[in-house]
Amino acid sequence: MHQILSLPILFPILAGAVMLILRPTSRRLRNLLLMASVLLTTAFALTGILLSYRLGGDALSCVLVSFSTWLSISLKIDGLSMIYGTIVAVLWPLITVYSIKYMEHEGQESRFFGFWLIAFGVVNGIAFSQDFLSLYFFYELLTLSTLPLVMHAMDEKAQYAGRKYLIYSISGAACAFIGIVFLLYYSSSLDFTYGGLLQDVTGDRARTTLLAAFVCAFFGFGVKAAIFPFHGWLPDASVAPTPVSALLHAVAVVKAGAFAVARLIYYGFGAGFLRGTHAQTIVMAATIVTIVYGSARALRTPHLKRRLAFSTVSNLSYILFSLTLMTSGGLTGALTHMVYHAVVKITLFACAGAIIVHSHREYVYELEGMGSRMPVVFGTFTISSLALIGLPPLGGFAGKWMISGAAVDTGDPLAYVGIAALILSTLLTTLYLMTVIVRAYFPVGQPDQEALAAVHEPGRMMTVPLILLTVLGVVLALCSDPIIRFLELVGGGYL
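Residues numbered from 1 in each chain as written. Predicted model: local features only at pLDDT ≥ 70, side-chain atom pairs only at ≥ 80, totals over all residues. Heavy atoms only, no water.

1. Here's the deal with the overall build of the protein
Working step 1: A count of helices and strands for the protein gives 20 helices and two strands.
Working step 2: A globule of 495 residues ought to have a C-alpha radius of gyration of about 23 Å, and the protein, at 22 Å, matches this closely.
Working step 3: For the protein, the spread of C-alpha atoms along the three principal axes comes to 75 × 55 × 45 Å.
Working step 4: Counting over 495 residues, the protein shows a buried share of 59%.
Working step 5: Long-range contacts, defined as pairs at least 24 residues apart, comprise 81% of the intrachain contacts of the protein with a sequence gap of at least 6.
Working step 6: Here the protein has roughly 18400 Å² of accessible surface; of this, 66% comes from carbon and sulfur atoms.
Working step 7: One way to put it: in the protein the 29 positive side-chain charges average out to a point 3 Å from where the 23 negative ones average out. (Helix = DSSP H or I, 4+ residues; strand = E, 2+ residues; numbered from the N terminus. Rg over C-alpha atoms; globule rule 2.2 N^0.38 Å. Buried < 20%, exposed > 50% of the residue type's maximum accessible area, 1.4 Å probe, protein only. Contact = heavy atoms within 4.5 Å. Areas by Shrake-Rupley, 256 points an atom, 1.4 Å probe, with all protein chains shown as cover. Lys, Arg positive; Asp, Glu negative; His and termini not counted. Charge placed at Lys NZ, Arg CZ, Asp CG, Glu CD.)

2. Topic: the packing of helix H15 (residues 375-389) against helix H19 (residues 460-478)
Working step 1: Packing of H15 against H19 brings their axes to within 10 Å, and their N-to-C directions diverge by 25°. Relative to H19, H15 is oriented roughly parallel. The chirality of how H15 crosses H19 is left-handed. Side by side, H15 and H19 meet where Val-376, Val-377, Thr-380, Ile-383 and Ser-384 of the first sit next to Thr-463, Leu-466, Ile-467, Thr-470 and Val-474 of the second.
Working step 2: Within the contact of H15 with H19, the residues separate by chemical class into six nonpolar, four polar and no charged. (Axes fitted to C-alpha atoms, helices over the stretch in contact; angles between N-to-C directions. Parallel < 35°, antiparallel > 145°, perpendicular 65-115°, else oblique. Left-handed = near helix turned anticlockwise from the far one by under 90°. Nonpolar A, V, L, I, M, F, W, Y, C, P; charged D, E, K, R; others polar.)

3. Overview of helix H16 (residues 395-410)
Working step 1: Taking 1.5 Å as the rise per residue, H16 with 16 residues should run 22 Å; its terminal C-alpha atoms sit 24 Å apart, in good agreement.
Working step 2: If you check which residues of H16 are buried, you get Gly-395, Gly-396, Ala-398, Gly-399, Lys-400, Met-402, Ile-403, Ala-406 and Ala-407.
Working step 3: In the core, the buried residues of H16 are packed alongside helix H13 (304-323), helix H14 (328-359), H15, helix H17 (413-441), H19 and helix H20 (480-491).
Working step 4: Just downstream of H16, Gly-411 is the residue with a positive phi angle, here 70°. (Expected span 1.5 Å × (residues − 1).)

4. Overview of the confidence of the model for the protein
Working step 1: Across the protein, the average pLDDT comes to 90, with 98% of residues at 70 or higher.
Working step 2: Mean pLDDT across the secondary structure elements of the protein bottoms out at helix H18 (residues 449-453), with 67, and peaks at helix H12 (residues 278-300), with 95. (pLDDT = per-residue confidence, 0-100.)

5. A short note on the side chain of Ser-384
Working step 1: Along the chain, the position of Ser-384 falls in helix H15.
Working step 2: Those residues in contact with Ser-384 that sit more than four places away from it in its chain are Val-344, Thr-347, Leu-348 and Thr-470.

6. Some remarks on the pattern of salt bridges
Working step 1: One pass over the full model with this rule turns up seven salt bridges.
Working step 2: The residue Glu-109 makes a salt bridge to Arg-30 at a minimum N-O spacing of 3.3 Å. You can see Glu-109 sitting in helix H4 (residues 109-127) and its partner Arg-30 sitting in helix H2 (residues 27-55), a full 79 residues away along the chain. Of the two residues, Glu-109 and Arg-30, both sit in the buried class.
Working step 3: One salt-bridge network, in which partners are shared between bridges, spans Arg-27, Arg-30 and Glu-109. (Salt bridge = Lys/Arg side-chain N within 4 Å of Asp/Glu carboxyl O.)

7. Points about the packing of helix H5 (residues 132-150) against helix H6 (residues 156-186)
Relative orientation and spacing of two packed helices are given, respectively, by the angle between their axes and the distance between those axes.
Working step 1: Running from amino to carboxyl end, H5 crosses H6 at an angle of 175°, the nearest separation of the two axes being 10 Å. With respect to their mutual orientation, H5 and H6 come out roughly antiparallel. From H5, Phe-132, Tyr-136, Glu-140, Leu-142, Thr-143, Thr-146, Leu-147 and Val-150 reach across to H6, where they touch Ala-158, Ala-161, Gly-162, Tyr-165, Leu-166, Ser-169, Ile-170, Ala-173, Ala-174, Phe-177, Ile-180 and Leu-183.
Working step 2: Among the residues forming the contact of H5 with H6, the class breakdown is 15 nonpolar, four polar and one charged.

8. A look at the packing of aromatic side chains
Working step 1: Applying the stated criterion to the full structure yields 24 aromatic pairs.
Working step 2: Aromatic side chains Tyr-53 and Phe-486 sit 6.1 Å apart centroid to centroid with 55° between the ring planes, which places their arrangement in the tilted category. You can see Tyr-53 sitting in helix H2 and its partner Phe-486 sitting in helix H20, a full 433 residues away along the chain.
Working step 3: The partly exposed category is assigned to Tyr-53, whose relative accessible area is 49%.
Working step 4: With a centroid separation of 5.7 Å and 65° between ring planes, the pair formed by Trp-92 and Trp-116 is classed as edge-to-face. Of this pair, Trp-92 sits in helix H3 (residues 79-102) while Trp-116 sits in helix H4, placing them 24 residues apart in sequence. For the residue pair Trp-92 and Trp-116, the accessibility class agrees, reading buried in each case.
Working step 5: An aromatic cluster is present here, built from Trp-92, Phe-112, Phe-113, Trp-116 and Phe-120 joined pairwise through their rings.
Working step 6: Looking at Arg-263, its charged tip hangs above the ring of Phe-192, at a distance of 4.1 Å from the centre.
Working step 7: When the ring centre of Tyr-267 is taken as reference, the NZ or CZ atom of Arg-263 above it lies at 4.8 Å. (Phe/Tyr/Trp six-rings, centres within 6.5 Å; stacked < 30°, edge-to-face > 60°. Lys NZ or Arg CZ within 6 Å of the ring centre and 35° of its normal.)

9. Digging into the nonpolar core
Working step 1: With 163 residues, the main nonpolar core has Trp-92, Ile-126, Phe-132, Phe-214, Ile-265, Phe-269 and Leu-323 as its most contacted residues.
Working step 2: The element contributing the most residues to this core is H14, with 18 residues.
Working step 3: Those residues in contact with Ile-126 that lie beyond four places of it in its chain are Tyr-84, Leu-135, Phe-138, Tyr-139, Leu-142, Ala-256 and Phe-259. (Core = buried A, V, L, I, M, F, W, Y, C linked by side-chain atoms within 4.5 Å.)

10. Here's the deal with H5
Working step 1: The terminal C-alpha atoms of H5 lie 26 Å apart, and with 19 residues this matches the ideal 27 Å at 1.5 Å per residue to within 8%.
Working step 2: For H5, the side-chain oxygen to backbone nitrogen distance between the N-cap and Leu-133 is 3.2 Å, and the N-cap itself is Asp-131. (Polar contact = N/O pair within 3.5 Å; in protein donor to acceptor, adjacent residues only side chain to side chain.)

11. Side note on the side chain of Thr-332
Working step 1: The residue Thr-332 is located in helix H14 in this model.
Working step 2: Those residues in contact with Thr-332 that lie beyond four places of it in its chain are Met-402, Leu-487, Glu-488 and Gly-491.

12. Overview of the environment of Gln-159
Working step 1: Looking at where Gln-159 falls in the secondary structure, it is placed in helix H6.
Working step 2: Every residue in contact with Gln-159, bar those within four places of it in the chain, is listed here: Met-151 and Met-154.

Listed below in structure tokens is the structure:
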């Protein structure tokens, strides 16, 4: 039973490798193999999560690869793993169905879906890692497995975006590794421990060194979470096919960065060790700047996918800001926004992809009057936009409310500045999303009816996932009480 945790990691990696080697020419066969692999991986992941919840995380812990008595790639599911693993397991199949139809016009589908499956396994590895060494191993593999997806088109823009993504990610991982080295030096283990691994550290010199190492590691892991000023790779990566953008911004890369930061603060250095230090001030200030900067850049950006990319820059720092509060309430608020943002943002990017493919329009000012031509796409875009803005009772409201409440509870003046940043960002979010909706439904002047006649709704392979994702977001929002109670257990270290 212990080896069940290896299945959601090894199976999709092997399936992806087989697809890359065989390159099936039959589209029907390839799609069948793809969906079977994704659904089986999802079943393996959810089974492991449910068993760990019922039996306890230690019941399924296992060693994937052992290098020595103290050096290994190990797997275990705790409360934080359950949350991130469930997000990945639920959203990946839905966006895979969408991507099958989307990728028909991109070409090289076997190569694309081969790396798509490999990335699925690697992200599961990040979610189910037992210690910082295992997390770091899969974190580096994530860069390598998603790089071909970002560079899929292999034109000049894609190659530039890929080089930038690689440089940023590898540099950030190197900085994160510094923090892990210092954790290992000052503690007896790298296993994730709620409350931190530095319980017995004394001496001002050691504390100063560790705080500097933490800041370095925070910004290192923060590269994937698009923290300012290391966010530049993310908008450029929007040249990737839209299914990749949806995963980058909602599930895989940026959420992996936020997940790693949560591990670093609450399961590595320890919130108690960091709270009230200059290191906390530095990282919290960086998240506040990013919140406002990302929203302001989104408002100024006319390209639809890049606008959503800058929106991700801002919203990921909502999560990071909550994590830097260094309280159990802060962790709960971060996890709440992580869950709801994942569903909302993957829907928004999927809508953007449908618009681009079926209207060949990429800029906000080109969307005049298209709401009537693509009612499902713009209907789901509108509901998801309202959720991201934070309109009650939709999901974005719960995350912002939990984060703001946790900030107030700290009594920290800088946390109050963060609340002001959240309010300003909400205003800017309303402006840059409602601009799209208003242009689609209430065009200024008389749109070109002949051009609009060529615009049409995508087929069911794209609209059904959009509808399901939107319904999922609404249901999660309306059933927020049990979800938040579970997240509070994780935030308090009870799971």
